Amino acid sequence: MASETGGKALEALTFDERRFPPPAEFKAKANWKDESVYAEAERDLEGFWAGHAEGFTWSKKWERVLDWRVPCAKWFVGGRTNISENCLDRHVKAGLGSKTAYHWEGEPGDTRTVSYADLLAETQRCANALRELGVRTGDRVAIYMPMVPELPVAMLACARIGAPFTVVFGGFSAEALAGRINDSGAKLVITADGGYRKGNIVQLKKNTDDAIAQTTTVEKVLVYRRTKHDVPWTSGRDVWWHDIIPKQKAECPAEQLDSEHMLYLLYTSGTTAKPKGIVHTTAGYMVGTATTHKYIFDIKPDDVYWCAADIGWVTGHSYIVFGPLANATTSVMYEGTPDFPDKDRWWSIVERYRVSILYCAPTAIRTFMKWGPQYPHMHDMRSLRLLGSVGEPINPEAWIWYHETIGGGRCPIVDTWWMTETGMILISPLPGITTTKPGSATFPFPGVRADVVDDEGKSVPFGGAGYLVITSPWPAMLRGIYGDDQRYRETYWSRFPGRYFAGDGAKRDQGGYLWLLGRVDDVMKISGHRISTTEVESALVSHPKVAEAAVIGREDPITGQAIFAFVSLRSGNEESEELSKELREHVVKGIGSIARPKTIMFTPELPKTRSGKIMRRLLRDIAQERPLGDVTTLADASVVEQIRTASAAGKED
Ligand code: 7RM
């Protein structure tokens, strides 16, 4: 144990009472080492962000930094720029063409090294091909691809011609893809024959075909060949990547776009069954992701940075693609799972590429803890100098394990809080400045303002808990929900007028440190993936044998939360193991494998209040086998007994 605060005296402290100041050697070289940066940003928030925007290439400089009419923000108003140009051309022009952008590794073990010059050439060819396929500025493109370099290429090519894209995670089902194509009105889908996952092939092309059968807007399908297995083909509509891309010119000047031009849509779960298309625009997103990436991860020219998320989630958009490329970073990109072919795959990658910065989710860390330290210990991981965490609260025990076993006790940990909607990290330590506390995301990034408020919206004094709100606009903030302005206003801006309501509970300790406590709404976090209870419920009740369903997230030691579904059947149907399996697969078909319920409990009735509201608190208590709280508002008290009996009968898998 090598933390500066380490030593015998501290061993008596519980995990979360320990303090980790930045190691002196780290601080000495840190991009930010002086805490005056907080006060400076606070003095002139717009000036602070404008300062960070200066370094980018603009074909027309902005006239005003911010136009804020609650809840509509415009950043760098009047400016014209292109994020693809800023991520690629700018660096190649500066002489970095031969620098590696991605060390890519496929799950089967194949590897590719992609330089900035390669990425620029391929992006320009792809952009020209998109145009040949009829895509114009403003047209939407859906991207449903495995983790191959052609995925960032596709995103950068869309950005280059100003075609907003929506990346759909490869683990989502055909149904889920269809919903996103329909909502966005995409006219092109970019996909692959398949992708590798745990040694199996994910049927991306087949799912795409099944999805398109439920849509009307798609004109062409561009297909990258990854797995080389036979796939269904619609001639006239489907086009192979290798037939159209190589013949394109490797020059395609970047379209100069308004700062507020829509860059992408990313669908995320809210409290209803229909995912929201979160709108992100160009310039503010670029400045926000690049700046947070540079200072939170302390990026240096020779770093090898690895964000182990999937690009299908916002973490991959902001911190595998746009943030790192904007900073000319060398990244590792890995296609597959951590246990293929064996449980040391990640650590083998860290060793072989000399990874210096690793960014991943607590659920991964807890999985590695469960597998045991022998796997990281098989490899030389002394190249690591900084670790990051994202996606859910990290429990202090996992934090300490990460620090000791992965970081060798020498690497600061940045616990980064943010959301699909925020586009960029908003709350995080600065590794050369902040003394961290395991389990706390610490403080808002400079230029970001947050508060913890009570039900009335009053700021909670230090030491108290409440709801997290963001009190000033930030550059990468969402600009709306695609096609649903009303829902945008209601979801984020109506609970505490003028302030952004994140949907997370938070505690602020006496030192002002923020501790995120998880969602306060019906959104679950399963292995860091955001899924709404209503979404799973509606998938369940779409099964002909299901009368009613109630879904809750039950605490889980590895995945944070696990999906627990209470199901009552239509009369005439028998509960059985088989039906339970069938229902699970039904949910997978409707949403994707990430939403497969871990437990299905059949119950004759669901507990409801007299007004007919399902009592979720009670269901949570039952699922977690806690003593039941107040049941006096129940319409039918015998229901609890019935569920208890069902639960005693052991209907879990
Ligand atoms: C990046 C991402 C957002 C929700 C958010 C939180 C939870 C994310 C942390 C965290 C505690 C963290 N986007 N969350 N990061 N909770 N500490 N460091 O996850 O849109 O998919 O989810 O994730 O509840 O509201 S997301």
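Let me begin by describing the structure that accompanies this report. (Residues numbered from 1 in each chain as written. Predicted model: local features only at pLDDT ≥ 70, side-chain atom pairs only at ≥ 80, totals over all residues. Heavy atoms only, no water.)

1. Side note on the overall build of the chain
Secondary structure summary: the chain contains 22 helices and 31 strands in total. Taken over the C-alpha trace, the chain has a radius of gyration of 24 Å; the compact-globule value for 653 residues is 26 Å, and the two agree within 12%. If one aligns the C-alpha atoms of the chain with their principal axes, the spans along those axes are about 75 × 70 × 55 Å. Within the chain, contacts between residues at least 6 apart in sequence are counted, and of these 71% link residues at least 24 apart. (Helix = DSSP H or I, 4+ residues; strand = E, 2+ residues; numbered from the N terminus. Rg over C-alpha atoms; globule rule 2.2 N^0.38 Å. Contact = heavy atoms within 4.5 Å.)

2. Observations concerning the site of the ligand
Every one of the 17 residues lining the ligand counts as a neighbour, but T420, D504, R519, K525 and R530 are closest to it. Here a nitrogen atom of the ligand and a backbone polar atom of E392 are 3.4 Å apart. Contacts to the ligand include D415, whose side-chain N or O atom sits 2.7 Å from a nitrogen atom. Against a free-state accessible area of 520 Å², the protein chains account for coverage of 96% of the ligand. Elements that contribute at least two residues to the shell around the ligand include exactly helix 13 (314-326), strand 21 (413-416) and strand 26 (514-519). A class-by-class count of the residues in the shell around the ligand yields seven nonpolar, four polar and six charged. (Near = heavy atom within 4 Å. Polar contact = N/O pair within 3.5 Å; in protein donor to acceptor, adjacent residues only side chain to side chain. Areas by Shrake-Rupley, 256 points an atom, 1.4 Å probe, with all protein chains shown as cover. Nonpolar A, V, L, I, M, F, W, Y, C, P; charged D, E, K, R; others polar.)

3. Some thoughts on the packing of aromatic side chains
Per the counting criterion, the structure on display carries 40 aromatic pairs. An aromatic cluster of three or more residues is present, and its members are W68, W474, Y488, Y492, W493 and Y500. Directly above the ring of W104 sits R112, whose terminal nitrogen or CZ lies 5.7 Å from the centroid. (Phe/Tyr/Trp six-rings, centres within 6.5 Å; stacked < 30°, edge-to-face > 60°. Lys NZ or Arg CZ within 6 Å of the ring centre and 35° of its normal.)

4. As for the sheet that holds strand 25 (residues 500-508)
The four strands lie next to each other as 22-23-25-26, forming an open sheet whose pairing is antiparallel. The open sheet terminates on both sides in strands that have one partner only, identified here as strand 22 (450-453) and strand 26. Between one strand and the next, the sheet's axes are offset by a mean angle of 45 degrees, whatever the strand orientation. (Pairing = 2+ DSSP bridges. Axes fitted to C-alpha atoms, helices over the stretch in contact; angles between N-to-C directions.)

5. Side note on helix 10 (residues 204-212)
Residues lying three or four places apart along an α-helix face the same way, a consequence of the helix completing one turn every 3.6 residues. In terms of burial, helix 10 is largely enclosed, as seven of its nine residues are buried. Among all positions in helix 10, only L204, K205, N207, T208, D209, A211 and I212 are buried. (Buried < 20%, exposed > 50% of the residue type's maximum accessible area, 1.4 Å probe, protein only.)

6. Structural notes on the environment of G199
Residue placement: G199 occurs in the loop between strand 10 (195-197) and strand 11 (200-202). G199 gets classed as partly exposed once you look at its relative accessible area, which sits at 41%. The spacing of G199 and E40 is 159 residues in sequence and 51 Å in space, taken between C-alpha atoms. Contact partners of G199, with chain neighbours within four places excluded, come to E107 and F340.

7. Details of the pattern of salt bridges
On inspection of all chains with the given rule, the structure shows 40 salt bridges. Its salt-bridge partner being D89, residue R160 comes within 2.8 Å of it at the nearest N-O pair. With R160 in helix 8 (residues 150-161) and D89 in helix 6 (residues 89-96), the pair connects residues that are 71 residues apart, well separated along the chain. Across the pair, D89 and R160 agree in class, each one buried. One salt bridge connects E122 with R125, and the closest N-O pair in it is separated by 3.1 Å. With E122 and R125 both in helix 7 (residues 116-132) and three residues apart, this pair spans about one turn of that helix. On the accessibility criterion, R125 (22% relative accessible area) is partly exposed. (Salt bridge = Lys/Arg side-chain N within 4 Å of Asp/Glu carboxyl O.)

8. Looking at empty space enclosed by the protein
Within this structure, the stated rule accounts for one cavity of 30 Å³ or more. By volume, the largest cavity is sized at about 40 Å³. Around the largest cavity, the lining residues are I83, C158, A159, G162, A163, P164, L257, H261, M262, L263 and T282. At the level of secondary structure, the elements contributing two or more residues to the lining of the largest cavity comprise helix 8 and strand 15 (262-268). By residue class, the composition of the lining of the largest cavity is eight nonpolar, three polar and no charged. (1 Å grid on protein atoms, 1.4 Å probe; cavity = no way out; pocket = protein on both sides within 12 Å on 5 of 7 lines; lining within 4 Å. Points joined across faces, edges and corners; volume = space filled by probe spheres on them.)

9. Topic: the side chain of T442
Assignment of secondary structure puts T442 in the loop between strand 21 and strand 22. When its relative accessible area of 0% is taken as the criterion, T442 is described as buried. Each residue touching T442, except ones within four places of it in the same chain, is listed here: I427, S428, P429, T434, T436, G512, Y513 and L514.

10. Details of the nonpolar core
It is characteristic of soluble globular proteins that their nonpolar side chains tend to be buried jointly. Within the largest apolar cluster, 162 residues are counted, with the highest numbers of intra-cluster contacts made by I143 and F297. Considering every element that reaches this core, the biggest residue donor is helix 8, with nine residues. Those residues in contact with I143, other than ones at most four positions away along the chain, are L151, A154, M155, C158, F165, T166, V167, V168 and I190. (Core = buried A, V, L, I, M, F, W, Y, C linked by side-chain atoms within 4.5 Å.)

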